[in-house]
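So the chains spell out like this:
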Amino acid sequence: MIHPYKTREGGATVTIFVPYDCHNHCPFCINKGEYADLTGFSAENICRSIGQMDAITPECDFVFTGGEPLADLDVLQSMLDHIPTTHKVYINTTLPVSEHQSENDIVEFTRRNRDKITCINVSRHMQKYVVESNDALLSRLAVPFRINCVLYKNYPKAELIPYLERFRKIPGANIQFRFDYTATTPENLYNEAGDMILSDLKKISRYTGLDGCRMRCGFHFDYKGMELTYHKTLPYSTIVERDSRNGVTYDILYDILIKQNGDIHSDWDGTKLDVDAYEKAVFEPYDLRWLEKIAC
């Protein structure tokens, strides 16, 4: 670490990479290579790191990703059990169903953890990269859910409306379209003029406003009463910035990563977190705010 840490009130979001793989091969996934060799992966070490993060920031958000968090419900449960209820918990998943795991198993898991899981982010892409479980499973979940869809490269924009209609009548459904974050830069994060995804969404739904911060932004829409968000985020989680009030340069952390072996990183490029220094982090209000809001 070169500079002292600064993060938002409550603490940086902690993303946990589960210590087991998925069977998917999504072309935009940057994590797949990490699961080629499972040597050293340890749920026990991950639980120990969860405890460290809880002790430092007892109200930070946790996100489970992978890999496929719901591929091993027993191990996922063991990790969830180490997270106190002061935290919000999100799970990124495809809702995998197999001969070893039924829809009822998933539903029961959500019922058992309904007081702990804040939201399940379900991957449902317009271009089929994975074997999907039945859409009817979504309405059976005992926790809130959101549909995540990456609009990757030359996505089939003619299928946007059929895709929206597919989910519009499922109670509780809302959709987050995601830009390919490996292609996001500070220069195009808020760029609207040349953004074809934004243009396509404005043609088929009602634009309701923009929120954002240094790191990410969301363009919000309404499609026949269903909430849509077009989300863009930078492909890293640390921003170096000088505080004009005291002249100190900080590493400002938005995300902290617990890797498959339990190591704690401060960014997606392998940078280790200085845990002792993070205990002394300066906190600031989260800079996510509404930049434009259009009344209904």
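Notes on the structure in this doc start here. (Residues numbered from 1 in each chain as written. Predicted model: local features only at pLDDT ≥ 70, side-chain atom pairs only at ≥ 80, totals over all residues. Heavy atoms only, no water.)

1. A look at the overall build of the protein
Scanning the protein from N- to C-terminus turns up 6 helices and 16 strands. By the compact-globule yardstick of 19 Å for 296 residues, the protein fits well, its C-alpha radius of gyration being 19 Å. Taking the principal axes of its C-alpha atoms as reference, the protein extends roughly 50 × 50 × 35 Å. Residues counted as buried form 51% of the 296 residues belonging to the protein. Put simply, 73% of the contacts in the protein that link residues at least 6 apart link residues at least 24 apart. Accessible surface for the protein amounts to roughly 14,100 Å². Of this, 50% is attributable to carbon and sulfur atoms. (Helix = DSSP H or I, 4+ residues; strand = E, 2+ residues; numbered from the N terminus. Rg over C-alpha atoms; globule rule 2.2 N^0.38 Å. Buried < 20%, exposed > 50% of the residue type's maximum accessible area, 1.4 Å probe, protein only. Contact = heavy atoms within 4.5 Å. Areas by Shrake-Rupley, 256 points an atom, 1.4 Å probe, with all protein chains shown as cover.)

2. Some points on the packing of aromatic side chains
Think of a pair of aromatic rings as described by two things: how far the centres are apart, and how the planes are tilted against each other in angle. For the structure shown, the criterion picks out 6 aromatic pairs. Seen in terms of ring centroids, F17 and W268 are 5.8 Å apart; in terms of plane orientation they differ by 75°. Their pairing is edge-to-face. Separated by 251 residues along the polypeptide, F17 in strand β2 (residues 13-17) and W268 in the loop between β14 (264-265) and α6 (275-278) bring together distant segments of the chain. We classify F17 as buried; its relative accessible area is 0%. Taken together, Y163, F167 and F177 form an aromatic cluster joined through their ring pairs. Between the NZ or CZ atom of K232 and the centre of the ring of F179, over which it lies, the distance is 5.1 Å. (Phe/Tyr/Trp six-rings, centres within 6.5 Å; stacked < 30°, edge-to-face > 60°. Lys NZ or Arg CZ within 6 Å of the ring centre and 35° of its normal.)

3. Here's the deal with the nonpolar core
Within the largest apolar cluster, 76 residues are counted, with the highest numbers of intra-cluster contacts made by M53, F64, F177 and Y278. A per-element tally of this core places helix α1 (residues 43-56) first, with 5 residues. When residues no more than four places from it in sequence are discounted, the contact partners of F64 are I16, V18, P69, L76, M79, L80, I83, V89, Y90, I91 and N92. (Core = buried A, V, L, I, M, F, W, Y, C linked by side-chain atoms within 4.5 Å.)

4. Focus on the pairing of strand β5 (residues 119-123)
When you tally the buried positions in β5, you get 4 out of 5 residues, the bulk of the element. Pairing of strand β4 (residues 89-93) with β5 involves 4 bridges; the strand directions are parallel. Pairing of I91 across the sheet is with I120, part of β5. Pairing between β5 and strand β6 (residues 145-150): 4 bridges, direction parallel. The residue bridging N121 from the neighbouring strand is R146, located in β6. (Pairing = 2+ DSSP bridges.)

5. Re the sheet that holds strand β1 (residues 5-8)
With mixed pairing, the 4 strands of this open sheet are ordered in space as β11-β12-β1-β15. Since the sheet does not close on itself, it has two edges, and those belong to β11 (238-242) and β15 (282-284), each with one partner. When the angles between neighbouring strand axes are averaged without regard to direction, this sheet yields 35°. Bridge analysis of β1 against β15 gives 3 bridges, and the strand direction is parallel. (Axes fitted to C-alpha atoms, helices over the stretch in contact; angles between N-to-C directions.)

6. Observations regarding unusual backbone geometry
Backbone geometry follows two general trends: most residues other than glycine have a negative phi, and most peptide bonds adopt the trans configuration. With an omega of 15°, the peptide bond running from G66 to G67 counts as cis. For G67, the location among the structural elements is in the loop between β3 (62-65) and α2 (73-80). The backbone of L95 shows a phi angle near 55°, a positive value even though the residue is not glycine. On the secondary structure map, L95 appears in the loop between β4 and α3 (103-112). In this structure L95 comes out as buried when scored by relative accessible area, which is 0%. Residue K224 is not a glycine yet carries a positive backbone phi of 50°. With respect to the element layout, K224 can be found in the loop between β9 (216-223) and β10 (226-233).

Honestly, it's all geometry; don't read function into it.
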